Amino acid sequence: MSEFSGRRVQPGLTYPEESLKRLAAELSGSFHGVFAAETVERYVLESYTALLRTSTVKAHLSTRTARFATERLTALAQAKGAIAQSVPEVLFVCEQNAGRSQMAAVFANALSGGAVHVRSAGSAPSKELHPTVVAVMAEIGLSLDEAFPKPLTDDVVQAADVVITMGCGDACPIYPGKRYVDWELVDPSGQSVDEVRRIRDQIRGNVTEMLGSLGVEPVALNN
């Protein structure tokens, strides 16, 4: 059994980077009284390992691990009732989390003005976002600079009120009491710029309709 941040950790786990030790210690403090340190440590390592499989730029891995682990722990805390959900939680899921679900998440964030909380994930995440998707969103003033593909995990599904799937088959677990909606959308991967623009505009319309079903009046965008 190895030592980690001055505590005993679970047998068999190794932490290949010092940054992971610091991250686990920070998150253990943030979630003190909600999760045991061992749970936080396991989530940090699992999140790092999941992102490592598809990471092409290792310089971003520590930052992305921090965001992914924090998001998952927050979702788990919400699901168990340890953190209140003050606004509806919406999860967008597609296969690669590199196009459709990322565009939907950005639109939902922008159009809701913070009246919903949004997550996205992929059943088989890609290495990076589709460049054409990034470009057509930038055309209307919406940035995907902070976005990156993330694997679908059980905790984010448990925390969601609405789960919107886009071509990911039966990969998303089903829980009672949640609203599941499937959007039939063309995968933007390999499509022309004009086709990706059409997909983008269809997603914007779908998101606007979804927000209306939640009683949220979409805000105007500067485009």
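Summarised in this report is the structure supplied together with it. Small disclaimer: the values here were computed from a predicted structure and weren't measured.

Looking now at the overall build of the protein chain. Along its length, the protein chain carries seven helices and six strands. Across the protein chain, helices and strands are ordered from the amino to the carboxyl terminus as β-β-α-α-α-β-α-β-α-α-β-β-α. Taken against the 2.2 N^0.38 rule, which gives 17 Å for 223 residues, the C-alpha radius of gyration of the protein chain at 18 Å falls within 12% of a compact globule. With the C-alpha coordinates of the protein chain rotated into their principal frame, the extents come out at 55 × 35 × 35 Å. The burial tally for the protein chain puts 46% of its 223 residues in the buried class. Counted over contacts in the protein chain with a minimum sequence separation of 6, partners at least 24 positions apart contribute 68%. In the structure as shown, the protein chain presents an accessible area of about 10400 Å², 50% of it carried by carbon and sulfur atoms. With 21 positive and 26 negative side-chain charges, the protein chain shows a spacing of 4 Å between the two charge centroids.

Attention shifts here to the nonpolar core. Within soluble globular proteins, side chains that are nonpolar generally end up buried alongside one another. By size, the foremost hydrophobic cluster in this structure holds 33 residues, and its most contacted members are Phe92, Trp183, Val207 and Met210. Looking at this core, the elements with two or more residues in it are strand 3 (89–94), helix 4 (100–112), helix 5 (131–139), strand 5 (162–166) and helix 7 (193–213). Top element by residues in this core is helix 4. It accounts for seven residues. Residues within four places of Trp183 in sequence aside, it is in contact with Phe92, Ala104, Ile164, Thr165, Met166, Gly167, Asn206, Val207 and Met210. Core analysis: the second largest hydrophobic core is formed by 19 residues, Tyr43, Leu51, Leu61 and Leu73 among them.

This next bit is on the pairing of strand 4 (residues 117–122). Buried residues dominate strand 4, accounting for five of its six residues. Note: strand 3 against strand 4, six bridges, orientation parallel. Bridge assignment links Val90 to a residue of strand 4, and that residue is Val118.

Compared with the 27 Å implied by 1.5 Å per residue over 19 residues, the 26 Å span of helix 3 (residues 61–79) between its first and last C-alpha is a close match. Every buried residue of helix 3 is listed here: Leu61, Arg64, Thr65, Phe68, Ala69, Arg72, Leu73, Ala75, Leu76, Ala77 and Gln78. Among the structural elements, helix 1 (18–30), helix 2 (37–52), strand 3, strand 4 and helix 6 (154–159) are those in contact with the buried residues of helix 3. Directly beyond the C-terminal end of helix 3, a positive phi value near 85° is found at Gly81.

Turning next to the layout of surface pockets. A probe as big as a water molecule, rolled over the atoms, marks out the empty space that is left. Taken as a whole, the largest pocket encloses approximately 360 Å³ of empty space. Considering the residues around the largest pocket, the lining is formed by 18 residues, among which Arg67, Glu71, Asn109, Val118 and Lys150 are closest to the centre. Those elements giving two or more residues to the lining of the largest pocket turn out to be helix 3, helix 4 and strand 4. Considering only residue class, the lining of the largest pocket consists of seven nonpolar, five polar and six charged. For the second largest pocket, the calculated volume is near 190 Å³. Its residues placed into classes, the lining of the second largest pocket shows five nonpolar, two polar and five charged.

Moving on to the pattern of salt bridges. Using the criterion set out here, one finds 13 salt bridges in the structure. Arg72 is paired through a salt bridge with Glu46; the nearest N and O atoms lie 3.6 Å apart. Taken together, the residues Arg72 in helix 3 and Glu46 in helix 2 connect sequence positions 26 residues apart. A salt bridge links Arg200 to Glu139, with the nearest nitrogen and oxygen atoms 3.2 Å apart. Within this pair, whereas Arg200 is found in helix 7, its partner Glu139 is found in helix 5, the two being separated by 61 residues in sequence. Since its relative accessible area comes to 7%, Arg200 is described here as buried.

Our next topic: empty space enclosed by the protein. Tallied over the entire structure, the rule returns two cavities of 30 Å³ or more. In this structure, the largest cavity occupies an estimated 70 Å³ of space. Taken together, eleven residues line the largest cavity, and the ones lying closest to its centre are Leu51, Thr54, Ser55, Arg64 and Pro149. Across the lining of the largest cavity, the residue classes tally to five nonpolar, four polar and two charged. Considered as a void within the structure, the second largest cavity measures approximately 40 Å³ in volume. Contributing to the lining of the second largest cavity are Cys94, Glu95, Gln96, Asn97, Ala98, Gly99, Arg100, His130, Asp187 and Pro188. Tallied by class, the residues present in the lining of the second largest cavity amount to three nonpolar, four polar and three charged.

Calculation notes
Residues numbered from 1 in each chain as written. Predicted model: local features only at pLDDT ≥ 70, side-chain atom pairs only at ≥ 80, totals over all residues. Heavy atoms only, no water. Helix = DSSP H or I, 4+ residues; strand = E, 2+ residues; numbered from the N terminus. Rg over C-alpha atoms; globule rule 2.2 N^0.38 Å. Buried < 20%, exposed > 50% of the residue type's maximum accessible area, 1.4 Å probe, protein only. Contact = heavy atoms within 4.5 Å. Areas by Shrake-Rupley, 256 points an atom, 1.4 Å probe, with all protein chains shown as cover. Lys, Arg positive; Asp, Glu negative; His and termini not counted. Charge placed at Lys NZ, Arg CZ, Asp CG, Glu CD. Core = buried A, V, L, I, M, F, W, Y, C linked by side-chain atoms within 4.5 Å. Pairing = 2+ DSSP bridges. Expected span 1.5 Å × (residues − 1). 1 Å grid on protein atoms, 1.4 Å probe; cavity = no way out; pocket = protein on both sides within 12 Å on 5 of 7 lines; lining within 4 Å. Points joined across faces, edges and corners; volume = space filled by probe spheres on them. Nonpolar A, V, L, I, M, F, W, Y, C, P; charged D, E, K, R; others polar. Salt bridge = Lys/Arg side-chain N within 4 Å of Asp/Glu carboxyl O.

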